[in-house]
Amino acid sequence: MKKFILGFAVLTTAFMNAQTQIIAHRGYFQTQPPTTENSITSLQNAQKLKIYGSEFDVRMSKDGVLVINHDEHHGKMEISETDFKELAKLKLSNGEKYPTLKDYLKAGKKDKSLKLIVEIKPAKTKALENEIVEKTISMIKDMKLESQCEYISFSLNICKQIKKLAQDFKVQYLNGELSPEQIKNEGLDGMDYHYSVFQKNPTWIAEAKTLGLITNSWTVNDVKIYEELKAQRIGFVTTNIPDQLKNK
């Protein structure tokens with residue numbers, strides 16, 4: 001009986017691992033009432049959904065403070081050219097204070113079951129990118145969040161720098177021009193591409209899985225496209241509608 005139970009548990013785990021997992025894009029912000037992307041509230045909403053993970057964007061202010069922001073600008077201020085004290089004067093549209101990476105990680109740490117998908121945005125120079133990577137990794141290690149965080153970037157330099165400083169961290173490339181074999185040769189863990197890239201290269205998901213790579217796609221907000229990717233056994237999708245896709 002014990003052998004049966006153990007075997008069933010192994011099969012269940014394998015089945016679950018084969019299922020397409022859901023990642024909330026910039027948190028779960030398309031709620032009722034709606035909130036703001038990349039806000040602490042959107043992260044907390046994702047935690048309540050009990051999905052795989054929640055993605056967010058990291059940039060650095062002129063004076064070296066790591067902040068959560070998708071665009072290069074916060075209001076009319078260019079983040080990389082503005083000190084944090086000035087950025088912080090402008091609250092998010094939902095009334096929250098402007099979040100630092102430390103704020104966000106503290107909130108994320110409260111639910112260890114939700115992976116924190118850290119997107120480090122490209123910077124103007126490699127030196128700046130390397131500084132952001134070093135500061136981000138240092139903060140995550142100081143907060144003992146290594147096992148909860150995974151990493152993505154459109155910058156190949158950032159991806160490779162993360163692997164250089166923390167070989168065991170899971171890193172996926174976003175830009176879309178590298179084949180699975182090239183991703184493997186760069187020493188990265190996976191590809192996180194816009195769904196159109198996989199539509200144009202219909203063998204890439206299978207090839208990536210054969211190479212042991214993570215497969216992810218963004219930003220999947222159409223149930224039909226999700227089902228197409230799921231049929232190809234993609235590992236993950238990143239979406240603005242995690243509530244709708246989690247039970248599909």
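Residues numbered from 1 in each chain as written. Predicted model: local features only at pLDDT ≥ 70, side-chain atom pairs only at ≥ 80, totals over all residues. Heavy atoms only, no water.

- Going by what an unreviewed UniProt entry lists, the chain is known as Glycerophosphodiester phosphodiesterase family protein and is assigned to Chryseobacterium terrae.

**Focus on the pairing of strand β1 (residues 21–24)**
Part 1: Pairing geometry for β1 and strand β11 (residues 236–239), over 4 bridges, is parallel. Looking at β11, one finds that glutamine 21 is bridged to phenylalanine 236.
Part 2: As defined by bridge partners, β1 adjoins strand β2 (residues 53–60) across 2 bridges and the pair is classed as parallel. The residue of β2 that forms the bridge with alanine 24 is serine 54. (Pairing = 2+ DSSP bridges. Helix = DSSP H or I, 4+ residues; strand = E, 2+ residues; numbered from the N terminus.)

**Concerning the side chain of serine 54**
Part 1: Tracing the backbone through its elements, the reader meets serine 54 in strand β2.
Part 2: Since its relative accessible area comes to 0%, serine 54 is described here as buried.
Part 3: Not counting the four nearest positions on each side in its chain, serine 54 is found in contact with Ile23, Ala24, Gly27, Leu43, Ala46, Tyr104, Leu114, Lys115, Leu116 and Ile117. (Buried < 20%, exposed > 50% of the residue type's maximum accessible area, 1.4 Å probe, protein only. Contact = heavy atoms within 4.5 Å.)

**Digging into helix α4 (residues 101–109)**
Part 1: Along α4, the residues that are buried comprise Leu101, Tyr104, Leu105, Ala107 and Gly108. On an axial view of α4, the arc spanned by its buried residues comes to 160°, and they lie on one face.
Part 2: In this structure, the buried side of α4 is in contact with α2 (40–49), β2, β3 (66–68), β6 (115–120), α5 (126–142) and β7 (149–153). (Arc of directions from axis to C-beta.)

**What to know about the packing of aromatic side chains**
Part 1: Under the criterion given, the structure shown has 7 aromatic pairs.
Part 2: When the centroid spacing of 6.1 Å and the interplanar angle of 55° are considered together, the rings of tyrosine 193 and tryptophan 204 count as tilted. Here tyrosine 193 is found in strand β9 (residues 190–194), whereas its partner tryptophan 204 is found in helix α9 (residues 204–210), with 11 residues between them in sequence. As far as burial versus exposure is concerned, tyrosine 193 and tryptophan 204 are alike and both buried.
Part 3: Here a set of aromatic residues connected by ring pairs shows up, and it is made of Tyr193, Phe198 and Trp204. (Phe/Tyr/Trp six-rings, centres within 6.5 Å; stacked < 30°, edge-to-face > 60°.)

**Some points on the pattern of salt bridges**
Part 1: Evaluation of the coordinates by the stated rule reveals 12 salt bridges.
Part 2: For aspartate 57, the salt bridge identified is with arginine 26, shortest N-O distance 3.9 Å. Here arginine 26 lies in the loop between β1 and α2 and aspartate 57 lies in strand β2, a separation of 31 residues in the sequence.
Part 3: The class of arginine 26 is buried, set by a relative accessible area of 14%.
Part 4: For the salt bridge of aspartate 57 with lysine 121, the shortest nitrogen-to-oxygen distance reads 3.9 Å. Residue aspartate 57 is found in strand β2, and its partner lysine 121 is found in the loop between β6 and α5; the two are separated by 64 residues along the sequence. The burial state of aspartate 57 is the same as that of lysine 121; both residues are buried.
Part 5: Each of Arg26, Glu37, Asp57, Glu119 and Lys121 takes part in salt bridges that share partners, so that together they form one network. (Salt bridge = Lys/Arg side-chain N within 4 Å of Asp/Glu carboxyl O.)

**So, the layout of surface pockets**
Part 1: If you add up the space inside the largest pocket, you get close to 270 Å³.
Part 2: Around the largest pocket, the lining comprises 14 residues; the ones closest to its centre are Arg59, Ser80, Pro122, Ala123 and Lys124.
Part 3: Those elements that place two or more of their residues in the lining of the largest pocket are β2 and α5.
Part 4: Grouping the constituent residues of the lining of the largest pocket by class yields 6 nonpolar, 2 polar and 6 charged. (1 Å grid on protein atoms, 1.4 Å probe; cavity = no way out; pocket = protein on both sides within 12 Å on 5 of 7 lines; lining within 4 Å. Points joined across faces, edges and corners; volume = space filled by probe spheres on them. Nonpolar A, V, L, I, M, F, W, Y, C, P; charged D, E, K, R; others polar.)

**What to know about the packing of α5 against helix α6 (residues 156–165)**
Part 1: Running from N to C, α5 and α6 point in directions that differ by 45°, and their axes come no closer than 10 Å. Comparing the axis directions of α5 and α6 gives the class oblique. Considering how the two elements wind past one another, α5 and α6 form a crossing that is right-handed. Contacts from Lys126, Glu129, Asn130, Val133, Glu134, Ile137 and Lys141 in α5 reach Asn157, Ile158, Gln161, Ile162 and Leu165 in α6.
Part 2: Split by residue class, the contact of α5 with α6 holds 5 nonpolar, 3 polar and 4 charged. (Axes fitted to C-alpha atoms, helices over the stretch in contact; angles between N-to-C directions. Parallel < 35°, antiparallel > 145°, perpendicular 65-115°, else oblique. Left-handed = near helix turned anticlockwise from the far one by under 90°.)

**So, the packing of α4 against α5**
Part 1: For the pair α4 and α5, the least separation of the axes is 11 Å and the interaxial angle reads 35°. Like other packed secondary-structure pairs, α4 and α5 cross with a definite hand, here right-handed. Contacts between α4 and α5 pair Leu101, Lys102 and Leu105 from the former with Thr136, Met139 and Ile140 from the latter.
Part 2: Counted by class, the contact of α4 with α5 contains 4 nonpolar, 1 polar and 1 charged residues.

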